[in-house]
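# Residue-level structural notes
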Amino acid sequence: MAAPVLEVSHLTKKYPKLTALEDVSVSIDAGEIFALLGPNGAGKTTLIGAICGLVRKTSGSIKLLGVDLDHDAITPRRDVGLVPQEINFDPFFSVRESLDLQLGYFGRPPDRARVDELLEALSLTSKADQPTRALSGGMKRRLLIAKALVHRPKLVFLDEPTAGVDPTARRNFWRIIRRLSSEGTTIFVTTHYMDEAEYCHRVG
């Protein structure tokens, strides 16, 4: 039996005046779409941040793609994609340049076909050569999704990825996610939309 793609055990994160995570455990298998629900402030983003290296945990263990992050924090994260809640790209690059740079950040060679595929799937082809600062809010969200997927990660974290995205783009997005899952990509998504949770294999 294959090891889980993600295995979080008894994870705790404490700040001086706040416990953001307390004794959290979760295990996710390859190809699974896992939805994490919870109100604002419940710690969903903190959990993702601890797994992706943006938050330093207080205690507990995280195994990513079979590797304990306490022993190797870099190698397994090369196969992880993240769609954060906040828009966080350089506004002076074009849409296509942003995706080309993202490939380079993960040590991947240029891949015009992959970039074109994502631009088409996320309805960004007509904006490919425009600077990202010229995009609408919904288009910027779609670009973040493309950036998370362009290097073909084995595990993708989607932190409320469709917030502010129009219904057509949401449907197209979930069509991509289901296809990725069928190809073996593992998806971890946080959402407040119950109809989106119904697309997932498991809900926590």
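Above this text sits the structure in question.
The structure reproduced in this document is the subject of the present report. (Residues numbered from 1 in each chain as written. Predicted model: local features only at pLDDT ≥ 70, side-chain atom pairs only at ≥ 80, totals over all residues. Heavy atoms only, no water.)

## Let's talk about the overall build of the protein
Along the backbone of the protein there are six helices and nine strands. For a compact globule of 204 residues, the expected C-alpha radius of gyration is about 17 Å, and the protein comes in at 17 Å, within 12% of that figure. In terms of overall dimensions, the protein has C-alpha extents of about 45 × 40 × 35 Å along its principal axes. For the protein, the proportion of its 204 residues judged to be buried stands at 47%. Across the protein, every contact between residues at least 6 apart in sequence was considered, and the portion connecting residues at least 24 apart equals 72%. Carbon and sulfur atoms form 52% of the exposed surface of the protein, whose accessible area is close to 10300 Å². (Helix = DSSP H or I, 4+ residues; strand = E, 2+ residues; numbered from the N terminus. Rg over C-alpha atoms; globule rule 2.2 N^0.38 Å. Buried < 20%, exposed > 50% of the residue type's maximum accessible area, 1.4 Å probe, protein only. Contact = heavy atoms within 4.5 Å. Areas by Shrake-Rupley, 256 points an atom, 1.4 Å probe, with all protein chains shown as cover.)

## Structural notes on a nonpolar patch on the surface
Judged by side-chain polarity, Phe 93, Leu 101 and Tyr 105 come together as a nonpolar surface patch covering roughly 300 Å² of accessible area. With respect to the helices, strands and loops of the structure, Phe 93 is situated in the loop between β6 (80-83) and α2 (95-105). (Patch = residues over 30% accessible without salt bridge, like charges linked within 9 Å, V, L, I, M, F, W, Y side chains within 5 Å. Salt bridge = Lys/Arg side-chain N within 4 Å of Asp/Glu carboxyl O.)

## Comments concerning the pairing of strand β1 (residues 6-15)
Strand direction decides the pairing type here: β1 and strand β2 (residues 18-28), joined by seven bridges, are antiparallel. Following the sheet pairing, Glu 7 is matched in β2 by Ser 27. Counted along the chain from β1 to the antiparallel partner β2, the turn is two residues long. Across five bridges, the pairing between β1 and strand β4 (residues 59-64) is antiparallel. Directly across from Thr 12, in β4, lies its bridge partner Ser 59. (Pairing = 2+ DSSP bridges.)

## Observations regarding the sheet that holds strand β8 (residues 186-190)
Note on sheets: strands pair through backbone hydrogen bonds, and any given pair is parallel or antiparallel. Read from one edge of the open sheet, five strands run β6-β7-β8-β3-β9, paired in parallel fashion. The sheet terminates laterally at β6 and β9 (202-203), the two strands that pair on one side only. Strand direction decides the pairing type here: strand β7 (residues 155-159) and β8, joined by five bridges, are parallel. Note that in β8 the partner of Leu 155 across the bridge is Thr 186. Together, β3 (33-36), β6, β7 and β8 form the strand contacts of helix α1 (residues 44-52), whose direction differs from that of β7 by roughly 150°. Taken strand by strand, helix α4 (residues 137-149) contacts β6 and β7, and its axis lies near 170° from that of β6. (Axes fitted to C-alpha atoms, helices over the stretch in contact; angles between N-to-C directions.)

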